[in-house]
Amino acid sequence: MAEKEKIIFCDNLVKIYKTKDIEVVALQGLDLIVEEGELMAIIGNSGSGKSTLLNMIGGLDKPTAGTLTVCGHNMLTIDKKETVEFKKRTVGFMWQNNARNLIPYLTALENVELPMRLAGKVDRDRAKALLDEVGLGKRTHNRLHELSGGEQQRVAIAIALANQPKLLLADEPTGAVDTKTSAAILDMFKRLNREIGLTIVIVTHDISMTHFIDRTVAIRDGRTSSEIIRRNYRAELSNIQDPEQSENSHEELLVLDRFNRLQIPSEYANRAGIAGKGKVRAELRDDGILISQINE
């Protein structure tokens, strides 16, 4: 079997924001690989660095140091002209805030045609087909105020796919909709991923996403800290009534980076009684390393 293309490759990725009086390290040595055809989620609390990472992957911001390549583009050295073409043809965006996705005075069809127009060629038949694909074939001439929140998100998906990108980036796509609509959007992502092989990266703070996505990477303090693999790949969203029932089909792995740094999830540290201790004891055993609190 041929090796899959690395759509996203991050190695020791660093992002520092500087002002006159302050310096903020948003990412501090993050490692991540996303292969062609993956549907994955990146989760993290506010301030963890996940939005910073999404912006750099999408060409909206530049890394400070390290390595970041997206679909063969070096995001540290990419120039302005190449960045414009990259955003037009290589990556599609879907934001939580529909004010960033849609122009209110345009119809749904005109919104989908807009990125085509910016890229230099409008294909009305494709725009109609995309709206039909997301279940809005009969709403092509409706404007923003005539569409529900879920329908607006569906139009946003069609817009993101307008120029046939290799990568779709979705920022909190289910954050402003109800549970039923959220499940429908995630089901649509799974269908697009499965049927056309589209690589999709979802950024969210919602930990329950791990129950629906095959691979979830957690970011803490600007570094990749853990990865959750969903083993029951054949389960469909519509068949999962209670996410807790699928808990046994997941395996959580901690990430040991190239500098041998390991972040322990806070819930583990709390239960082990080592949270906030500063120093802990590490003992090398035949089957691994035991981390325990120091008895003073």
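Residues numbered from 1 in each chain as written. Predicted model: local features only at pLDDT ≥ 70, side-chain atom pairs only at ≥ 80, totals over all residues. Heavy atoms only, no water.

### Section: the pattern of salt bridges
- Going through the model one piece at a time under the given rule, you end up with 11 salt bridges.
- For arginine 215, the salt bridge identified is with glutamate 38, shortest N-O distance 3.0 Å. Highlighted residues: arginine 215 in strand 9 (residues 215-220) and glutamate 38 in the loop between strand 2 (23-35) and strand 3 (39-43), separated in sequence by 177 residues. Here arginine 215 matches glutamate 38 in class, with each residue buried.
- Residue glutamate 133 pairs with arginine 191 through a salt bridge whose shortest N-O separation is 2.6 Å. In this pair, glutamate 133 is assigned in helix 5 (residues 124-133) and arginine 191 in helix 7 (residues 179-196), connecting sequence segments 58 residues apart.
- Since its relative accessible area comes to 35%, glutamate 133 is described here as partly exposed.
- For arginine 191, a relative accessible area of 24% gives the class partly exposed.
- Ionic contacts of the salt-bridge type, sharing partners, join the residues Glu38, Arg215 and Glu227 into one network. (Salt bridge = Lys/Arg side-chain N within 4 Å of Asp/Glu carboxyl O. Helix = DSSP H or I, 4+ residues; strand = E, 2+ residues; numbered from the N terminus. Buried < 20%, exposed > 50% of the residue type's maximum accessible area, 1.4 Å probe, protein only.)

### So, the pairing of strand 7 (residues 167-171)
- Of all 5 residues making up strand 7, 5 are buried, and the element is well covered by its neighbours.
- Along strand 7, one buried face is formed by Leu167, Leu169 and Asp171 and the opposite face, lined by Leu168 and Ala170, is buried too.
- Judged from the 4 bridges that link them, strand 6 (residues 91-94) and strand 7 form a sheet pairing that is parallel. Bridged to glycine 92 within strand 7 is leucine 168.
- Where strand 7 lies against strand 8 (residues 199-204), 5 bridges are found, and the strand directions are parallel. Paired with alanine 170 across the two strands is isoleucine 202, which belongs to strand 8. (Pairing = 2+ DSSP bridges.)

### As for a nonpolar patch on the surface
- Nonpolar side chains collect at one region of the surface, where Leu254, Leu256, Leu262, Ile264, Tyr268, Val280, Leu284, Ile289 and Ile291 lie side by side and expose about 830 Å² of accessible area between them.
- Along the chain, isoleucine 289 falls in strand 13 (residues 288-292).
- Classification of isoleucine 289 by relative accessible area gives exposed; the value is 62%. (Patch = residues over 30% accessible without salt bridge, like charges linked within 9 Å, V, L, I, M, F, W, Y side chains within 5 Å. Areas by Shrake-Rupley, 256 points an atom, 1.4 Å probe, with all protein chains shown as cover.)

### Concerning the layout of surface pockets
- For the largest pocket, the calculated volume is near 580 Å³.
- For the largest pocket, the lining is made up of 22 residues, of which Lys87, Phe93, Pro115, Leu118 and Ile159 are closest to its centre.
- At the level of elements, helix 2 (80-89), strand 6, helix 3 (98-101), helix 4 (108-119) and helix 6 (149-160) are the ones that each hand at least two residues to the lining of the largest pocket.
- Among the elements that line the lining of the largest pocket, the one with the most residues is helix 4, at 4 residues.
- Taken together, the residues that form the lining of the largest pocket break down as 15 nonpolar, 4 polar and 3 charged. (1 Å grid on protein atoms, 1.4 Å probe; cavity = no way out; pocket = protein on both sides within 12 Å on 5 of 7 lines; lining within 4 Å. Points joined across faces, edges and corners; volume = space filled by probe spheres on them. Nonpolar A, V, L, I, M, F, W, Y, C, P; charged D, E, K, R; others polar.)

### Let's talk about the packing of aromatic side chains
- A complete count under the given rule lists 1 aromatic pair for this structure.
- Seen from their ring centres, phenylalanine 93 and tryptophan 95 are 5.3 Å apart, and the 10 degrees between their planes marks the pair as stacked.
- Accessibility expressed as a relative area gives 16% for phenylalanine 93, which makes it buried.
- Of the residues examined, tryptophan 95 reaches a relative accessible area of 8% and is grouped as buried.
- Note that lysine 15 overlies the ring of tyrosine 17, its terminal NZ or CZ placed 5.0 Å from the centroid.
- The ring of tryptophan 95 has arginine 100 sitting right over it, with the charged end atom 3.8 Å from the ring centre. (Phe/Tyr/Trp six-rings, centres within 6.5 Å; stacked < 30°, edge-to-face > 60°. Lys NZ or Arg CZ within 6 Å of the ring centre and 35° of its normal.)

### Details of the environment of threonine 67
- When you line up the elements, threonine 67 lands in strand 4 (residues 65-70).
- Exposure remark for threonine 67: the relative accessible area of 31% places this residue in the partly exposed category.
- Here the alpha-carbon distance between threonine 67 and cysteine 10, two residues 57 residues apart in the chain, equals 5.5 Å.
- Once residues within four sequence positions are removed from consideration, threonine 67 is found in contact with Phe9, Cys10, Asp11, Leu13 and Leu76. (Contact = heavy atoms within 4.5 Å.)

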